Structures are given as structure tokens and as C-alpha cells.
Amino acid sequence: MKWLLQSLPDILILLGIYIKIYYPKWKQLEHNAFLWHTAFYAYICIVLGWTIMPIFVHLPWAFDGVYLNYNLLPFSDWIHGYGNYRRETLYNLLLFMPFGFICQRTLKKPYRTTLLYGALFSLTIEISQLLFTTNRICDITDLINNTLGTLLGILTFILYDKYLK
């Protein structure tokens, strides 16, 4: 409940962005395309909620002092057996699989472009965790796993497009 109250400004901002910017633009698309675009936006909002919200609450103190909690050694949690690294790896892969699938389905870009978008989205999240949160860790392993999750989503889309569509 505390998270919801703290994240309410962020949620309202994201809702306002959808209503003012995206909805007027997307409502002109065919119904199926409108639903896919809206689902993609909702998915991105959910990922932001899970990974970096609340942002608005932390902004006034974002640059007070130095809180640089980061890990630049890939898979150090695997190497040293920190925490539940298997579960975290699985969560990161599963978290970004929808990105690869929905982005590919919605934007219809080349596969490498979708993979690049997934990597950039993950990088944005990791840098935001470094700058705007005090309870998250900016981790290169998450960036790698999120990008691999995007790739798995693209591969799932390819199978869907070829065999199930």
C-alpha cells in the first residue's frame, strides 16, 4: 500500500502521457493495432513500476550525497553465489521477453533494432536505478539478462509469426 501511495504521482503522470499524447495518436489506428500499442505502453509502465518507481518521491533527494550502488562485474552473483541469483536471472529474462515480442509485433522493426531497443530500455532502467533510487542496484548482469530476455521475446515472436499466426 505504501508503494502505491508513493508511486501515485508517477502513475498519474504515465496515465496523463497516455491520455494526452498516445491515445489521440493511436485511436486512429485499426482496432487491433490500437490494442497492441496500448498493451506495449501498459507493459512498459508495469516494468517501470516494478523496477524504478517511485521516481517522483525520490527526485528531490536524487543528488543528495552519493549513493552509488552498482555492479559492473558480469554475473558476479553467479560467481560468488550471492542471493537467489538463479531466480533473479529467470525474472530478468521473463521480464523482458514481452518487450521483444510486443515491440516486434507492434513496431515491426528489424530484429536487431528491437534488440537494440530492449538493451537501451534496460540501460535506461539501470541508470535510473543508480540515479533515482536508494534501494536498487545498477547491475550489468541485469542489463545482459534483460537483453537476452528481449532476444527470447523476438524468437518467440518469430515462432508465433511463422507457425501460429
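Note: the structure precedes this text.
Everything numeric in this text was worked out from a predicted model, so none of it was measured. (Residues numbered from 1 in each chain as written. Predicted model: local features only at pLDDT ≥ 70, side-chain atom pairs only at ≥ 80, totals over all residues. Heavy atoms only, no water.)

## A short note on the overall build of the protein chain
Thought 1: Within the protein chain, the secondary structure is distributed over six helices and two strands.
Thought 2: Considering only C-alpha atoms, the protein chain reaches an extent of 50 × 40 × 25 Å along its principal axes.
Thought 3: Counting every position in the protein chain, which comprises 165 residues, the buried fraction comes to 36%.
Thought 4: Partitioning the intrachain contacts of the protein chain with sequence separation of at least 6 by distance along the chain shows that 74% fall at a separation of at least 24.
Thought 5: Across the protein chain, 13 positive and 9 negative side-chain charges occur, with their mean positions spaced 12 Å apart. (Helix = DSSP H or I, 4+ residues; strand = E, 2+ residues; numbered from the N terminus. Buried < 20%, exposed > 50% of the residue type's maximum accessible area, 1.4 Å probe, protein only. Contact = heavy atoms within 4.5 Å. Lys, Arg positive; Asp, Glu negative; His and termini not counted. Charge placed at Lys NZ, Arg CZ, Asp CG, Glu CD.)

## Observations concerning the packing of helix α2 (residues 31-51) against helix α4 (residues 85-107)
Two quantities define a packed helix pair, namely the angle between the axes and the distance from one axis to the other.
Thought 1: At a minimum axis separation of 10 Å, α2 and α4 run at an interaxial angle of 155°. Here α2 lies roughly antiparallel to α4, going by the angle between them. Considering only the axes of α2 and α4, their crossing is left-handed. Contacts between α2 and α4 pair Asn 32, Trp 36, His 37, Phe 40, Tyr 43, Val 47, Trp 50 and Thr 51 from the former with Leu 95, Phe 96, Pro 98, Phe 99, Phe 101, Ile 102, Cys 103, Arg 105, Thr 106 and Leu 107 from the latter.
Thought 2: The residue inventory of the contact of α2 with α4, partitioned by class, reads 13 nonpolar, four polar and one charged. (Axes fitted to C-alpha atoms, helices over the stretch in contact; angles between N-to-C directions. Parallel < 35°, antiparallel > 145°, perpendicular 65-115°, else oblique. Left-handed = near helix turned anticlockwise from the far one by under 90°. Nonpolar A, V, L, I, M, F, W, Y, C, P; charged D, E, K, R; others polar.)

So far we have only geometry, and geometry alone does not tell us how the molecule works.
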